[in-house]
Amino acid sequence: MNIQWYPGHMTKAKRGMKEDMKLIDLVIELVDARVPVSSRNPDIDQLGAGKARMVLLNKSDLADERLNGRWASWFEAQKIHTVKIDARNRGTLKQIQSVVQEACKEKLERDRRRGILNRPVRAMVVGIPNVGKSTFINSFAGKACARTGDKPGVTKGNQWIRLNKTLELLDTPGILWPKFEDQQVGVKLAMIGSINDQILNKDELACELIRFLNSYYPQALSERFSLEDGKGQPEHILEEIARARACLMKGGELDVSRAAALLLDDFRAGKLGRITLEEPKEQ
Ligand code: G4P
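Residues numbered from 1 in each chain as written. Predicted model: local features only at pLDDT ≥ 70, side-chain atom pairs only at ≥ 80, totals over all residues. Heavy atoms only, no water.

**Q** Can you walk me through the overall build of the chain in this structure?
**A** In terms of regular secondary structure, the chain is built from 11 helices and eight strands. A principal-axis box enclosing the C-alpha atoms of the chain has dimensions of 75 × 40 × 35 Å. Here the chain, with 283 residues, has 48% of them falling under the buried criterion. Once local pairs closer than 6 in sequence are excluded, the contacts in the chain between residues at least 24 apart make up 70%. Of note, the chain has its 46 positive side-chain charges centred 9 Å away from the centre of its 38 negative side-chain charges. (Helix = DSSP H or I, 4+ residues; strand = E, 2+ residues; numbered from the N terminus. Buried < 20%, exposed > 50% of the residue type's maximum accessible area, 1.4 Å probe, protein only. Contact = heavy atoms within 4.5 Å. Lys, Arg positive; Asp, Glu negative; His and termini not counted. Charge placed at Lys NZ, Arg CZ, Asp CG, Glu CD.)

Next up, the structure:
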């Protein structure tokens, strides 16, 4: 499958992010726990050079719990503090505050040595589209906190959300662009719904997903769709799904495209179970 991406407007986003980086101490990078590496843009290492870093494995509720643990260890091994979260659930966000302090320890220590006390850590949320940045900022900030910098007469730019005495968050996230020199990365991002479906061949994508599931989560399809067979070529399985879900065209022929769309929607909504599409490589 050939997926094209035109990052024209991303040049502007990159410039904006470079400016914002000057204002902050900590980069909070959101990745999708189902594809923790494919949903990253490695340029963040360069953009965020010299900043404290942490990674949030978001949508961990949709990802394989066993692999969530392995991915967290993988990031930790690279000295990046990592927390797995469900950005919609404020309960899972409690852990973050203490990890922020841990991630910024060196900076706080440096401040203290220079006699700067009680200066809050300033942080920015970054990530590719659809990883849950806005959801996270809304849940993390909650309703109670004040937004600062909203003064009349001042050009409306970034605003800081004061979370508490020790932490302020930039209210607009930095948008990273997906990077897929590798087609497999593009396919995985398409599977989780991060790439506009209109530019994709959904039938092919569904077949790729079936191939993956049969190798790594062999029960997922037969359990969800009560398939009789559930084996063989992906095209055959797609037909079986169409049959099981009565996806029929006017003349009574199987509508495999509708089955493909249905399968992708089910996967994205977690209805096939908690599934992770990539495993960490040994390091
Ligand atoms: P973005 O700012 O990074 O572009 O992402 P955004 O917050 O808009 O989130 C994209 C979609 O992902 C939203 O769903 C949001 O609800 C969902 N989402 C965010 N975090 C999580 C999570 O931890 N777990 C799960 N399961 N979903 C999450 P949507 O369908 O586009 O919108 P909505 O109808 O849910 O509001």
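**Q** Teacher, can you tell me more about helix 6 (residues 133–141) here?
**A** Each full turn of the α-helix corresponds to 3.6 residues, which orients residues three or four apart in the same direction. Lys133, Phe136, Ile137, Ser139, Phe140 and Ala141 are the residues of helix 6 that are buried. Gly142 occupies a position one or two residues after helix 6 and carries a positive phi of about 65 degrees.

**Q** Where do I start with the side chain of Asp111 in this structure?
**A** Within the element layout of this structure, Asp111 appears in helix 5 (residues 105–113). Within polar-contact distance, the side chain of Asp111 engages the side chain of Lys107 at 2.4 Å. (Polar contact = N/O pair within 3.5 Å; in protein donor to acceptor, adjacent residues only side chain to side chain.)

**Q** What should I look at first to understand the site of the ligand in this one?
**A** Taken together, 14 residues form the shell around the ligand, and within it Asp61, Asn130, Lys133, Ser134 and Thr135 come nearest. A distance of 3.0 Å separates an oxygen atom of the ligand from a polar atom in the side chain of Lys59. Between an oxygen atom of the ligand and a side-chain N or O atom of Ser134, the distance comes to 2.7 Å. Coverage of the ligand by the protein amounts to 60% of the 710 Å² it exposes when considered alone. For the shell around the ligand, the element with the most residues is helix 6, which contributes three residues. When grouped by side-chain class, the residues that make up the shell around the ligand number four nonpolar, five polar and five charged. (Near = heavy atom within 4 Å. Areas by Shrake-Rupley, 256 points an atom, 1.4 Å probe, with all protein chains shown as cover. Nonpolar A, V, L, I, M, F, W, Y, C, P; charged D, E, K, R; others polar.)

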